Structures are given as structure tokens and as C-alpha cells.
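Commentary on secondary and tertiary structure
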Amino acid sequence: MENFSRPLVDWYKKEARPLPWREEPTPYRVWVSEIMLQQTRIEAAREYFNRFTRAFPTVEALAAAELDDVLKLWEGLGYYSRARNLHKCAKTVCETYGGVFPPNAAALRALPGIGDYTAGAIASIAYGLPEPAVDGNVLRVLARMERFGESIGSDKVKKRFREALRDIYPTGECGAFTSALMELGETICTVGTPDCARCPVAAHCEAHRRGEETLYPVLPEKKPRRIENRRVLLLLCGDTCAVRRRADTGLLASMWELPNDLVPDAPEGGEPCGEAVHVFSHVEWHMRGYIVRCREKLPGYVWVTRAEREALAMPTAFRYYRKKLEEMGY
């Protein structure tokens, strides 16, 4: 791999976007931002990051918080296992390391919810170590640089590029180089047709030299998502509606939800109140809702008023039916 670190770092110092986590890149703030940015656009994550760090300004504050409060602040970002792992990791950092993130990638990788990418980001950006953080954006940049013809989906390929990058990290500029690679992939070397005219390292890019930018990277084949038909019940009694808590493991673990079940064709039952679809990474929920007015509070549920329900952490999968409840005054 050609050493393109110097022109890339110089470009980054002039063109980097002002993002809140870059203002004070402490290990805690870098960690929170990188976990949020997994599967989330920067613009969507920006305000969540500001709210989250106002509520929990330190790893100690996050560790001392109730999980329900953490999940509530995360509401709307999706992939809630990230929030649970943040909470678990904060507790581990406080209990094992006295509230200080360990300053080496191997120890960081051993923490809950931290993999190679996040460990590399913390180690390089916060601690100035030559530890690459290789995600989809960075893989796209490097695959075009080398005209890399294999699928970029395997751990073997990520390891290959991490090792190649480690050899060209500029002394004293490790954090800037890691951030610059991310910035390049997010703003210029984008999916589809990259903006090569603005690229500070186009002269180092083999795909650009051959006019083959759009042929790379080679992506792994996507598996089709599983479809689940679900019936959602809006159980009402007096001024309360029924909710329940999901199991502590699996999809949407520990979140609150409206009663729902898997049914082949969502048969009639109660007053129909519309259909909604929610897409997860590997499954789609195709939902049909029904209003059921109960004479008494059925066992097995938690019955809450509107104010009580709004304080609960409930996934966006139920947004359509939550709005229906609000329209009815629940």
C-alpha cells in the first residue's frame, strides 16, 4: 500500500467537519460516538450524542444510571443492544479500571460491545496509538486504492487492511489519520460514484487511474430478510393501556412493547387500527393492529397511563401504534 497518510492528514486538518465528538476526543466521548455511529447516519447521531453526553457526561455517570434511563435516551436510534452494551461496558470500566479506559487495543477489545473497529478508534483518536479503525467506509477507500478484487465482507480482509494501514501511520498524527480515513469515506469516496475531483489522495488510487472507481469494492452477497407477520394489540382499560417487557436477551432485549404475537395471517380480533412495517437488519415485521377494550385489567401485563407509557423505553417499531394510542388519549 502506498503511503498516502501525509496528504490525507493535511486535507483533513483543513476540511474536517465540525462534529461534537471531535471537539473533545476523550476516550469516553470517542467510545460513545463510535458506538452510536454504528448503523446510524452522522446527522441522526449528532443530537443523540449531545443529549446522551449531557445526561451522562462521564463513564462513571453512565455506569451509575439505570438501564431503563439509558434505553429511553437511546429510543429512536435502534439496534438497542448497543445501548445495553454501553451500560455494561461502563460498569466494567469503572469496576475493573477505576473509570479509565485502558490505553491499548487488546484490553479495549476485551470490554463488552467493543470490537476491532471501536478499539482502534479509541486507541488512535483518544490515545494517539497507531491502531487502525477499519469499517465499511474505510474498506471502500482502501479497496479502490488497491483495486482489491475480493469481497470485503470477511474478517480476514479486514485484518489484512488493518495490518497494511498500521505500517503507514504517521508519527504523532495517529488520531488525525484515523479520522481522515473515516472522513474521506463518508464525504468523498462514497458509495456509488465517488467525487474523485475533490479527493486529496486520488493520485494514489489505482481504481481512479483506470477509471474503474464504481467497480470497487466487491461487496458480499446480501441474504434476504425474514418476514414475520405480527398482530399488535392495543389493550385498553379505563385510562390505561397494556404493555409488557421483552426478555433480557434477543431482539429488542429489555425494551417495553405493546402486546404482539406471531400469526400466519393476522386474523381479525378486535377493532382494526391499521398496518405498519418495521425493518430490522435481518427481519421485517409486517404488523396489523387491533384495539381491544377490556372490562378489567388482564393479568400478565403492566397497565400504564399515557404519562407512564411515555416514560418507558419503547422501540420505534411500535411508533405507528403509539400514535394511535395518543390520538385516542392513551
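Residues numbered from 1 in each chain as written. Predicted model: local features only at pLDDT ≥ 70, side-chain atom pairs only at ≥ 80, totals over all residues. Heavy atoms only, no water.

1. Regarding the overall build of the protein
When its secondary structure is counted, the protein shows 15 helices and 7 strands. Projected onto its principal axes, the C-alpha coordinates of the protein cover approximately 75 × 45 × 30 Å. Out of the 330 residues in the protein, the part that is buried amounts to 50%. The contacts of the protein with a sequence gap of at least 6 include a subset with a gap of at least 24, amounting to 68%. Approximately 16100 Å² of the protein is accessible, and the part contributed by carbon and sulfur atoms is 50%. (Helix = DSSP H or I, 4+ residues; strand = E, 2+ residues; numbered from the N terminus. Buried < 20%, exposed > 50% of the residue type's maximum accessible area, 1.4 Å probe, protein only. Contact = heavy atoms within 4.5 Å. Areas by Shrake-Rupley, 256 points an atom, 1.4 Å probe, with all protein chains shown as cover.)

2. Quick look at the pattern of salt bridges
Tallied over the full model, the rule gives 27 salt bridges. With a shortest N-O distance of 2.6 Å, Glu 186 and Arg 17 are connected by a salt bridge. In this pair, Glu 186 is assigned in helix α12 (residues 174-187) and Arg 17 in the loop between α1 (5-15) and α2 (20-23), connecting sequence segments 169 residues apart. Judged by its relative accessible area of 27%, Glu 186 falls in the partly exposed class. Residues Glu 146 and Arg 160 are paired through a salt bridge, measuring 2.9 Å at the closest nitrogen-oxygen approach. Separated by 14 residues along the polypeptide, Glu 146 in helix α10 (residues 136-146) and Arg 160 in helix α11 (residues 155-166) bring together distant segments of the chain. Exposure remark for Glu 146: the relative accessible area of 26% places this residue in the partly exposed category. Judged by its relative accessible area of 36%, Arg 160 is partly exposed. One salt-bridge network, in which partners are shared between bridges, spans Arg 6, Asp 10, Lys 13 and Glu 173. (Salt bridge = Lys/Arg side-chain N within 4 Å of Asp/Glu carboxyl O.)

3. Some words on the packing of aromatic side chains
This model, assessed by the stated rule, comprises 12 aromatic pairs. Summarising the aromatic geometry, the rings of Phe 148 and Phe 161 are spaced 5.1 Å apart at their centres and angled 70° between planes, so their arrangement reads as edge-to-face. Taken together, the residues span a long stretch of sequence, with Phe 148 in the loop between α10 and α11 and Phe 161 in helix α11 at a distance of 13 residues. For the pair Phe 148 and Phe 161, one class covers both residues: buried. Among the aromatic residues, those joined into a ring-pair cluster are Phe 4, Tyr 169 and Phe 177. (Phe/Tyr/Trp six-rings, centres within 6.5 Å; stacked < 30°, edge-to-face > 60°.)

4. Remarks on the packing of α10 against α11
One can describe the packing of α10 onto α11 by two numbers: an axis separation of 11 Å at closest approach and a directional angle of 75°. With respect to their mutual orientation, α10 and α11 come out roughly perpendicular. For the pair α10 and α11, the contacting residues are Val 138, Leu 139, Leu 142, Ala 143 and Glu 146 in the first and Val 157, Lys 158, Arg 160, Phe 161 and Leu 165 in the second. Partitioned by chemical class, the residues of the contact of α10 with α11 number 7 nonpolar, no polar and 3 charged. (Axes fitted to C-alpha atoms, helices over the stretch in contact; angles between N-to-C directions. Parallel < 35°, antiparallel > 145°, perpendicular 65-115°, else oblique. Nonpolar A, V, L, I, M, F, W, Y, C, P; charged D, E, K, R; others polar.)

5. Some points on the packing of helix α3 (residues 27-37) against helix α7 (residues 81-97)
Their axes nearest at 10 Å, the elements α3 and α7 cross at an angle of 160°. One finds that α3 runs roughly antiparallel with respect to α7. Both α3 and α7 take part in a crossing whose hand is right-handed. Residues Trp 31, Val 32, Ile 35, Met 36 and Leu 37 of α3 form the contact with α7, whose participating residues are Arg 82, Leu 86, Cys 89 and Ala 90. Within the contact of α3 with α7, the residues separate by chemical class into 8 nonpolar, no polar and 1 charged. (Left-handed = near helix turned anticlockwise from the far one by under 90°.)

6. A look at unusual backbone geometry
Residues apart from glycine generally show negative phi values, whereas peptide bonds are mostly found in trans. Cis geometry marks the peptide bond from Tyr 216 to Pro 217; its omega dihedral reads 0°. Note on placement: Pro 217 falls in the loop between α13 (206-209) and β1 (226-237). One non-glycine residue, Tyr 79, adopts positive backbone phi at about 45°. Considering the arrangement of structural elements, one finds Tyr 79 in the loop between α6 (67-74) and α7. The partly exposed category is assigned to Tyr 79, whose relative accessible area is 37%.

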